Amino acid sequence: MIVFRIDRRSGVATYLQLAHQVRQALRLGVLKPGDRLPTAKDVVEATAINPNTVLKAYRELEREGLVEPRPGQGTFVRRSLARPEAAVGSPLRTELTEWVVRARDAGLERADIAALTDAVLDEWFSSTQVSKQVKPPPEPSLPPHPSPQSMEEDT
Amino acid sequence: MTDPIAATALRATRLGRRFRKGWALRDCGFDLPAGRITALVGPNGAGKSTLFHLATGLLRPTEGEIRVFGADPVTAEARDRTAFLSQDKPLYTGFTVAETLRFGRELNRSWDAATAERVVRAGNIPLDARVGTLSQGQRTRIALALAFAKRPDLLLLDEPLADLDPLVRIEVMGLVMAEVADRGITVVMSSHVLSELENVCDHVLLLAHGGVRLQGDAQQLCEDHLRLTGLADPSRKGGLPSGLDGVDVVESSVTGRQLTALLRTDGRPVDACADDRWVTDIPSLEDLLLAYLRSAPAATPSSDKEAAA
């Protein structure tokens with residue numbers, strides 16, 4: 001089961017927050033294929049949001065193929081986003097935990113650590129803003145440029 | 001998501017109510033769709049409570065009419081389908097909780113005792129406790145238990161969250177939302193706490209000066225408006241960019257060199273704001289409601305003829 005938190009000050013639409021938290025739970029293995037998502041009634045009773053917001057989030061997840069509604073039973077997880085490499089106890093996660101502890105002991109606040117990891121992630125993964133990259137990641141394969149002839153045909 | 005055949009839960013036509021001191025509501029027209037959660041917003045004295053009392057038949061209109069699912073609010077048909085929780089949540093403080101529930105059962109033609117008890121028990125309220133000894137939050141829960149036990153199709157809540165602490169606010173709204181999820185009831189609730197309406201309400205009715213100032217689907221209304229920020233144009237009155245003819249300026253103000261304004265564009269692109277000197281974004285519901293409330297300063301309804309326009 002999963003418990004939703006609503007950040008009313010984040011400026012992120014509430015249904016996107018819910019969908020994000022389900023994806024996060026799928027990634028962490030908190031939710032697994034076959035699990036039932038909480039009903040709209042359960043969610044709104046705990047969070048005091050409009051039931052349609054929950055349904056909208058679930059529809060979004062359904063569109064992504066992550067969950068499926070079963071009439072009269074609820075909404076169920078179809079596939080996982082879990083990566084064993086990221087599971088609790090995995091070497092990568094253990095190393096990261098140790099690193100976070102070191103960063104905290106060095107006096108960095110949560111926001112500092114988040115900014116630092118974001119900066120390093122931006123260096124290694126292309127995002128929408130491809131600026132100030134120290135080591136550019138491998139170029140994603142671009143579609144071939146249209147040939148001059150086809151451009152002339154268009155005009 | 002405007003469904004043309006969607007039923008109307010509450011409809012007012014040229015609705016007006018006059019008291020000795022003047023008109024509390026005048027020339028109000030609106031359709032509140034069934035199955036939705038409408039925020040009823042307005043400054044004090046805008047006519048919100050009067051509207052609730054007209055919708056429940058506790059007051060009769062001076063002119064015009066109001067209909068609950070097509071029926072006059074004083075008819076048994078309308079009364080059976082409506083539950084109203086007034087601001088002061090009137091309960092008999094000398095009654096125990098169990099006596100209060102029995103009282104509700106005796107007074108109502110349809111009564112779902114199981115629902116009432118479920119709501120009371122979920123709040124861990126002992127049935128033998130006297131209502132007078134309960135906290136505000138517990139009293140609100142009892143009042144909601146009475147309202148839900150009627151199995152209403154239309155639930156009217158006048159400032160349901162006033163006097164409640166933050167945790168109890170979430171608990172109370174959670175109760176109402178669960179009922180909406182369960183039975184698809186229509187809710188109309190008034191509140192001054194605009195930030196709490198944002199995640200709850202999907203429809204808006206804003207009253208000012210005893211008239212309707214804004215109404216519609218919450219999401220659509222936000223998208224129909226534009227928040228504009230930029231360098232004020234010193235050559236123009238009010239600092240607004242040129243080319244805003246036909247665009248309704250809800251509010252605008254200049255602070256130092258900066259202009260901020262809220263425009264009603266109804267989704268049309270506004271060329272004047274397209275260049276990069278201006279930052280435009282879609283306002284949040286709270287932003288939008290605040291702008292409309294600010295642009296409607298308090299006035300006595302009777303002396304304001306424009307209010308109803």
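As the structure is a computational prediction, the values presented were derived from the model and not from experiment.

Q: Sorry, what's going on with the sheet that holds strand E13 (residues 278-281) of chain B here?
A: Note on sheets: strands pair through backbone hydrogen bonds, and any given pair is parallel or antiparallel. Residues and elements named next belong to chain B. Strand order in this open sheet of 4 strands is E11-E12-E10-E13, and the pairing throughout is antiparallel. Across the chains shown, the open sheet's two edge strands, defined by having one partner strand only, are strand E11 (248-255) and E13. For this sheet, the mean inter-axis angle between neighbouring strands, taken without regard to orientation, is 15 degrees. Pairing geometry for strand E10 (residues 225-231) and E13, over 4 bridges, is antiparallel. Directly across from Thr-229, in E13, lies its bridge partner Val-279. Lying on the sheet, helix H9 (residues 285-294) is in contact with E10, E11 and strand E12 (258-264); it crosses E10 at an angle near 80 degrees.

Q: Sorry, what's going on with the interface of chain B and chain A here?
A: When the parts come together, some accessible area is lost, and that loss is often what is quoted as the size of the interface. Counting residues at the interface gives 15 residues for chain B and 14 residues for chain A. Overall, the association of chain B and chain A removes approximately 1,200 Å² of surface from exposure, summing both partners, and the carbon and sulfur fraction of that is 53%. For chain B, the biggest contributors to the area lost against chain A are Ile170(B), Ala178(B) and Asn199(B); these three give 40% of the whole. Here chain B and chain A share 1 salt bridge between them. The salt bridge involving Asp182(B) is made with Lys41(A); its shortest N-O contact spans 3.3 Å. Our enumeration of links across chain B and chain A arrives at 5 residue pairs in polar contact (both at pLDDT 80 or more). In terms of residues, the side of chain B that touches chain A owes the most to one element, helix H6 (residues 166-183) of chain B, which gives 9 residues. The residue inventory of the side of chain B that touches chain A, partitioned by class, reads 10 nonpolar, 2 polar and 3 charged.

Q: Mind showing me how you'd approach helix H4 (residues 113-122) of chain B here?
A: Structurally, the α-helix is built with 3.6 residues per turn, so residues lying three or four positions apart point the same way. All names here are of chain B. Every buried residue of H4 is listed here: Thr-115, Ala-116, Val-119 and Val-120. Buried residues in H4, looked at end-on, bunch into an arc of 130 degrees, giving them a common side. Exposed residues lying more than 90 degrees from the buried face of H4 are Ala-114 and Ala-122. Packed against the buried residues of H4 are helix H3 (97-107), helix H5 (136-149) and H6. The backbone nitrogen of Ala-114 lies 3.2 Å from a side-chain oxygen of the residue at the head of H4, namely Asp-112. Asn-124, located one to two residues past H4, shows a positive phi value of around 55 degrees.

Q: I'm lost on the sheet that holds strand E5 (residues 82-85) of chain B in this one. Help?
A: All names here are of chain B. Ordered by their spatial adjacency, 6 strands build an open sheet running E5-E6-E7-E3-E8-E9, and the pairing between neighbours is mixed. In this open sheet, the two strands that pair with only one neighbour each are E5 and strand E9 (211-217). Here the strands of the sheet are splayed against their neighbours by 15 degrees on average, with no regard to which way each runs. For E5 and strand E6 (residues 154-158), the ladder comprises 4 bridges, and the chain directions are parallel. In the strand pairing of E6, Leu-85 is matched with Leu-157. On top of the sheet, helix H1 (residues 48-55) reaches strand E3 (37-41), E5, E6, strand E7 (186-190) and strand E8 (203-208); it is set at about 150 degrees to E6, its chief contact. Its contacts with the sheet put H6 on E3, E6 and E7, and the angle it makes with E7 is roughly 155 degrees.

Q: So what exactly am I meant to see when it comes to the pairing of E8(B) here?
A: Here is the key point about a regular strand: its side chains alternate between the two faces of the sheet. All names here are of chain B. Here E8 lies mainly inside the structure; 6 of its 6 residues are buried. Because side chains alternate across E8, one face comprises the buried residues His-203, Leu-205 and Leu-207, and the other comprises Val-204, Leu-206 and Ala-208, equally buried. Pairing of E3 with E8 involves 4 bridges; the strand directions are parallel. When the bridges of E8 are listed, Ala-39 appears paired with Val-204. Bridge count for E8 against E9 is 6 bridges, and the pairing is antiparallel.

Rules used throughout
Every chain's residues receive numbers from 1 upward, in the order its sequence appears when written. Chains carry letters from A onward and ligands carry numbers from 1 onward, assigned in written order. Note on the predicted model: pLDDT of at least 70 is required for a residue's local features to be given, and 80 or more for side-chain atom pairs to be given and counted; whole-chain, interface and lining totals, by contrast, use all residues. The side-chain figures draw on all heavy atoms in the structure; neither hydrogens nor water molecules are used. When DSSP finds at least two bridges between two strands, those strands are taken to pair. For the purposes of this entry, the term helix denotes a DSSP run of H or I that reaches at least four residues, the term strand denotes a run of E that reaches at least two, and both are numbered from the N terminus. Axes here refer to lines fitted to C-alpha atoms; in helices the fit is confined to the stretch in contact. Angles between the N-to-C directions go from 0 to 180 degrees. Contact criterion: two residues are considered in contact whenever any of their non-hydrogen atoms come within 4.5 Å of each other. Throughout, the accessible surface (probe 1.4 Å) given up by two parts as they are put together, summed over both, is called the buried area. Within this document, salt bridges are pairs made up of a side-chain nitrogen of Lys or Arg and a carboxyl oxygen of Asp or Glu, the two lying within 4 Å of each other. We call two N or O atoms a polar contact when they sit within 3.5 Å, provided that within protein one can donate a hydrogen and the other can accept it, with sequence-adjacent residues counted only if both atoms are side-chain atoms. Classification convention: Asp, Glu, Lys, Arg as charged; Ala, Val, Leu, Ile, Met, Phe, Trp, Tyr, Cys, Pro as nonpolar; all other residues, Gly among them, as polar. Whether a residue is buried, partly exposed or exposed follows from its accessible area with a 1.4 Å probe, protein chains only, as a fraction of its type maximum: under 20%, in between, or over 50%, in that order. Note: the arc covers the axis-to-C-beta directions of the helix.

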